[in-house]
Amino acid sequence: MVEHDTIGTKIFQVFLYILMVLLAISCFYPIWYAFCLSISDKTAANSGLVTIMPVGFSTVAYEEIMSDSKFFRAFWRSIQRTVLGTGFSLIVMILMGYPLSKTKKEFRFRNILMWLLVFCMLFNAGAIPWYITMVKYNLIDNIWGLVLAGSLPVFNQILIINFFRSIPADLEEAARVDGAGPWRVLFQIVVPVSIPIIATMILFISVMHWNEFFQGLVLSTSDKNYPLQTYIQQMVVNTQVSNLSPDELKIMSQLSNKSLDAAKVFIAMVPMLIVYPFIQKYFVTGIMVGAVKG
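Calculation rules
Residues numbered from 1 in each chain as written. Predicted model: local features only at pLDDT ≥ 70, side-chain atom pairs only at ≥ 80, totals over all residues. Heavy atoms only, no water. Helix = DSSP H or I, 4+ residues; strand = E, 2+ residues; numbered from the N terminus. Buried < 20%, exposed > 50% of the residue type's maximum accessible area, 1.4 Å probe, protein only. Areas by Shrake-Rupley, 256 points an atom, 1.4 Å probe, with all protein chains shown as cover. Phe/Tyr/Trp six-rings, centres within 6.5 Å; stacked < 30°, edge-to-face > 60°. Axes fitted to C-alpha atoms, helices over the stretch in contact; angles between N-to-C directions. Contact = heavy atoms within 4.5 Å. Nonpolar A, V, L, I, M, F, W, Y, C, P; charged D, E, K, R; others polar. Salt bridge = Lys/Arg side-chain N within 4 Å of Asp/Glu carboxyl O. pLDDT = per-residue confidence, 0-100. Expected span 1.5 Å × (residues − 1). Patch = residues over 30% accessible without salt bridge, like charges linked within 9 Å, V, L, I, M, F, W, Y side chains within 5 Å.

So what's going on with the overall build of the protein? Which residues, and what values?
In terms of helices and strands, the protein carries 15 helices and zero strands. Of all 294 residues assigned to the protein, the portion counted as buried reaches 36%. Carbon together with sulfur atoms contributes 69% to the accessible area of the protein, which is approximately 17,800 Å² in total.

Let's hear about the packing of aromatic side chains: which residues, and what values?
Centre-to-centre distance and the angle between the planes together describe a pair of aromatic rings. For the structure on display, the rule yields eleven aromatic pairs. Measuring from ring centre to ring centre gives 5.2 Å for Phe35 and Phe266, while their planes differ by 45 degrees; the resulting arrangement is tilted. Residue Phe35 is located in helix α1 (residues 2-38), and its partner Phe266 is located in helix α15 (residues 257-292); the two are separated by 231 residues in the primary sequence. Between Phe119 and Phe123 the ring centres are 5.0 Å apart and the planes differ by 40 degrees, which places this aromatic pair in the tilted class. Pairwise contacts between aromatic rings join Phe71, Phe72, Phe75, Trp210 and Tyr231 into one cluster.

For the packing of helix α5 (residues 110-122) against helix α8 (residues 154-166), give the residues involved together with the corresponding values.
Packing of α5 against α8 leaves a shortest axis separation of 9 Å and a crossing angle of 145 degrees. Facing α5, whose interface residues are Arg110, Met114, Leu117 and Met121, α8 presents Val154, Phe155, Gln157, Ile158, Ile161 and Arg165. Partitioned by chemical class, the residues of the contact of α5 with α8 number seven nonpolar, one polar and two charged.

How would you explain the environment of Ile279 if you had to name every residue and give the values?
Relative to the helices and strands, Ile279 is located in helix α15. Along the primary structure Ile279 and Met201 are separated by 78 residues, whereas in three dimensions their C-alpha atoms are 9.8 Å apart. Discounting chain neighbours no more than four positions away, the residues touching Ile279 are Ala199, Thr200, Ile202 and Leu203.

Run through the pattern of salt bridges, naming residues and quoting values.
Overall, the coordinates contain three salt bridges when judged by the stated rule. Note that Glu172 and Arg176 form a salt bridge whose closest N and O atoms lie 3.1 Å from each other. Remark: Arg176 and Glu172 occur in helix α9 (residues 169-177); sequence separation between them is four residues, near one turn of the helix. Take Arg176: its relative accessible area is 41%, and that puts it in the partly exposed class. One continuous salt-bridge network, built from bridges that share partners, spans Lys102, Glu172 and Arg176.

So what's going on with the side chain of Ser194? Which residues, and what values?
Along the polypeptide, Ser194 turns up in the loop between α10 (182-193) and α11 (195-211). Apart from the residues lying within four places of it in its own chain, the contact partners of Ser194 are Phe163, Phe164 and Ile167.

Which residues make up unusual backbone geometry, and what are the values?
Even without being glycine, Asn138 reaches a positive phi, approximately 55 degrees. Take Asn138: it is sitting in the loop between α6 (127-136) and α7 (143-148). With a phi angle near 65 degrees, Asp141 is a residue other than glycine that sits in the positive phi range.

Provide a residue-level description of the environment of Pro168, including the pertinent values.
Looking at where Pro168 falls in the secondary structure, it is placed in the loop between α8 and α9. For the pair Pro168 and Val190, spaced 22 residues apart in sequence, the C-alpha separation works out to 9.8 Å.

Mind laying out the confidence of the model for the protein, listing which residues take part and the relevant values?
Taken residue by residue, the protein gives an average pLDDT of 81. The fraction at 70 or more is 86%. Contacts from residues 236-244, a stretch scored under 50 in pLDDT, to residues over four places away or in other chains number six contacts. Contacts from residues 290-294, a stretch scored under 50 in pLDDT, to residues over four places away or in other chains number eleven contacts.

Go over α5, please, and point to the residues and values.
Here α5 spans 19 Å end to end across 13 residues, near enough to the 18 Å set by a 1.5 Å rise per residue. Here the buried face of α5 lies against α4 (69-100) and α8.

Describe a nonpolar patch on the surface, and please don't skip the residues or the numbers.
Among the surface-exposed residues, Val14, Ile18, Val21, Leu22, Ile25, Tyr29, Ile52 and Met53 lie close enough to one another that they form a single nonpolar patch of about 760 Å² accessible area. Note that Val21 resides in helix α1. Judged by its relative accessible area of 47%, Val21 falls in the partly exposed class.

Okay, here's the thing in structure tokens:
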């Protein structure tokens, strides 16, 4: 009987390993395909011959990107938006999450604010009232419109609240006995022990800001103020061949639109691919505790 259980356990483990490998491949393949397409030559890219390996090695797409000032301007704007937006959202969520993690006896308006949060998560006024509000506050065509729009993701806020509620009350009580006030308790006790959920929120919010394109499209009146994803989404080949120089004509003859788009998409993925490994070790802990504790 024990032997059969052991065999069944091994078979199950092998099945899990195979499943995990397949899932890993399904996640990695789109990234690898974009890279292969970006370094393939024009004929192979346009003919759909690229699958798991590049066909006809070519760096023309990356050479074209290096000379594209609009791409790097959009890239820099996305960096600004992500850094400022992530920092602002974290400050707001920490300051809001700490009092809402208390009981109604400790914070009398807790239930009212929680119901407002849940209502805003389930319902919204729509795009037109949102846009009118952004116009009234002069948040059109500037970086602060991109930073402040959606700066309080309610689902993430609830995760932080639940994590704060899971922190043992003895820690705060000991700090108060030593004479610590609310601000000191928050920033010297609560925040340091909340590194897992804070790191998880940094990942969630930064990815949200980096990948979001619709707000950039609506809140920017000119393409020079587009963030990177909006710029990529709006990419359309509208170059007038008659106005191209001989060198530009030579590049266009060697370049595929698919390769160029793939190169830009691949470069746009790189920052998040670099950041994720440093935050990944906190990810599971932050999500599990923030979601389960209540």
